[in-house]
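Structural features, examined
Take a look at the letters that make up each chain.
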Amino acid sequence: MKKGLFITFEGLEGCGKTTQAKMLHRYLIKQGFPAIFTKEPGGTKIGKKIRKILLDQKNEGMDYTTEMLLFLASRAENVREVILPALKDGKIVISDRFYDSTMAYQGYGRGIDLKIIQYFTQLVVGDAIPDITFFLDIQPEEGLKRSTMFSNYHEIRFEEEFIKKKKIKGRLFLDRVREGYKRLVEKEGKRVIRINANQSREKVFEDILSIVKDKLDRNKNKS
Ligand SMILES: Nc1ncnc2c1ncn2[C@@H]1O[C@H](COP(=O)(O)OP(=O)(O)OP(=O)(O)O)[C@@H](O)[C@H]1O
Ligand SMILES: [Mg+2]
């Protein structure tokens, strides 16, 4: 059984997941907590190879099912190799994206049946269910503006998608993804917490920290 605390960061590109996940990691380490940082896709040797395939522009025409299975394969490695062992050790695990990304992007975004994603997710994650998931909410345009403003940015798979789909009538891909995240907040409000990401880094971090501190206090009182 897991003993540690599992915190995940979710949201559209450029919403600030990596920034906030790393700020929280640094903060917890400074306070003396055993905390580790991991990210998806990636996080392990095999995961890094899968990440390369997923983000390679040459693979743009990839079948949506292949894409979903690759994300899940990367996650399976990360869960077995990194996340579960750390949680069993009582560590705090911070993950930059996790299974809600698959629900939001491949499910709500691409239109893959949510039940199928849930089924595979159970197989892949086992006990590794996040205790807190921060959904950093921002308008797609704002997030993309942030991402493209800072130039060492190569991972443009979903941004490309966004720009292309702009020309097609109907709802934009990233709008559907954002809607998906909002549905997850409605359905799992105890775990998935919406944070207004359209604020300064410091203010966003303040909102996150107050929730994390609360959880740590409650856990301390339990033990
Ligand atoms: N609150 C903020 N206000 C303004 N800029 C921000 C804020 N948070 C992060 N940024 C900047 O926006 C850019 C995107 O942030 P970050 O890389 O953390 O987003 P992300 O959610 O991890 O994106 P991706 O999904 O593409 O990995 C970075 O250059 C970061 O410094
Ligand atoms: Mg990031």
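Read on for an overview of the structure. (Residues numbered from 1 in each chain as written. Chains lettered and ligands numbered in written order. Predicted model: local features only at pLDDT ≥ 70, side-chain atom pairs only at ≥ 80, totals over all residues.)

**What to know about helix α8 (residues 173-187)**
Basically, it comes down to this: Only DSSP runs of H or I reaching four residues or more are called helices, and only runs of E reaching two or more are called strands; each is numbered from the N terminus. What a helix is expected to span follows from its residue count: subtract one and scale by 1.5 Å. Exposed residues have 12 or fewer other C-beta atoms within 10 Å of their own C-beta, buried residues have 20 or more, and residues in between are partly exposed; the C-beta atoms are placed from the backbone. It is the directions from the helix axis to the C-beta atoms that the arc portrays.
Across its 15 residues, α8 extends 21 Å between first and last C-alpha, which sits within 8% of the 21 Å expected from 1.5 Å per residue. Every buried residue of α8 is listed here: F173, L174, V177, R178, Y181 and L184. The buried residues of α8 occupy an angular sector of 140° when the element is viewed end-on, so they sit on one face. Relative to its buried face, α8 has exposed residues pointing more than 90 degrees away, namely E186 and K187.

**Here we look at the nonpolar core**
Short version of the rule: For this entry, the nonpolar core is defined as buried Ala, Val, Leu, Ile, Met, Phe, Trp, Tyr and Cys residues connected by C-beta atoms within 7 Å.
Ranked by internal contacts, the top residues of the largest apolar core, which has 43 residues, are I92, V93, I94, A104, L136, V177 and I195. Considering each element in turn, this core owes the most residues, six residues, to helix α3 (residues 64-88).

**Digging into the environment of P34**
Quick reminder of the rule: A residue pair is marked as a contact if its C-beta atoms, positioned from the backbone, fall within 7 Å.
Structurally, the position occupied by P34 is in the loop between α1 (17-30) and β2 (35-39). Note on P34: 13 C-beta atoms within 10 Å, which makes it partly exposed. The spatial distance from the C-alpha of P34 to the C-alpha of A86 is 9.3 Å, given a sequence separation of 52 residues. Ignoring anything within four residues of it in the chain, the contact list for P34 reads G90, K91 and I92.

**Remarks on the sheet that holds β2**
Here is the rule we go by: Each pair of strands is called paired provided DSSP finds at least two bridges between the two strands. The axes used here are C-alpha line fits, helices contributing only the stretch in contact, and every angle between their N-to-C directions lies in the interval 0 to 180 degrees.
Pairing within the open sheet is parallel, and its five strands lie in the order β2-β3-β1-β4-β5. Each edge of the open sheet carries a strand with a single partner, namely β2 and β5 (192-196). Each neighbouring strand pair of the sheet contributes to a mean axis angle of 20°, computed without reference to strand direction. Here five bridges tie β2 to strand β3 (residues 92-96), and the two strands are oriented parallel to one another. By the bridge assignment, A35 is partnered in β3 with I92. Along the sheet, α8 contacts β1 (5-10), β4 (132-137) and β5; its crossing angle with β5, the most-contacted strand, is approximately 125°. Here helix α9 (residues 201-222) sits on the sheet and contacts β1, β4 and β5; the angle it forms with β4, its principal contact strand, is near 170°.

**Observations concerning the packing of helix α2 (residues 45-55) against α3**
Keep this limit in mind: Relative orientations are named as follows: roughly parallel for angles under 35 degrees, roughly antiparallel for angles over 145 degrees, roughly perpendicular for angles from 65 to 115 degrees, and oblique for any other angle. Handedness of a crossing is defined here by the sense of rotation of the near helix relative to the far one, left-handed for an anticlockwise turn of less than a right angle and right-handed for a clockwise turn. Under the scheme applied, nonpolar residues are Ala, Val, Leu, Ile, Met, Phe, Trp, Tyr, Cys and Pro; charged residues are Asp, Glu, Lys and Arg; polar residues are all the others, including Gly.
Where α2 meets α3, the closest approach of the two axes is 9 Å, and the angle between their N-to-C directions is 160°. By the angle class used here, α2 and α3 are roughly antiparallel. The way α2 lies across α3 gives a crossing that is left-handed. Along its contact with α2, which presents I46, G47, I50, R51, I53 and L54, the element α3 presents E67, L70, A73, S74, E77 and N78. Across the contact of α2 with α3, the residue classes tally to six nonpolar, three polar and three charged.

**Observations regarding the site of ligand 1**
This is how the line gets drawn: We call a residue near a molecule or strand when its C-beta atom, built from the backbone, sits within 6 Å of it.
Around ligand 1, 14 residues are found, and the nearest of them are G16, K17, T18, T19 and R146. If you list the elements that add at least two residues to the shell around ligand 1, you get α1, α6 (140-149) and α9. At three residues, α1 tops the list of elements feeding residues into the shell around ligand 1. Looking at the shell around ligand 1 residue by residue, the classes come out as three nonpolar, seven polar and four charged.

**Considering the pairing of β4**
Pairing of β1 with β4 involves four bridges; the strand directions are parallel. The partner of E10 across the bridge, within β4, is F135. As defined by bridge partners, β4 adjoins β5 across five bridges and the pair is classed as parallel. Note that in β5 the partner of F134 across the bridge is I193.

**Observations concerning the pairing of β3**
Counting buried positions along β3 gives five out of five residues, so the element sits mostly inside the fold. Covered by surrounding structure in β3 are I92, I94 and D96 together with V93 and S95, the residues of both alternating faces. Relative to β3, β1 is paired through five bridges, and the arrangement is parallel. When the sheet's bridge partners are listed, I7 is paired in β3 with I94.

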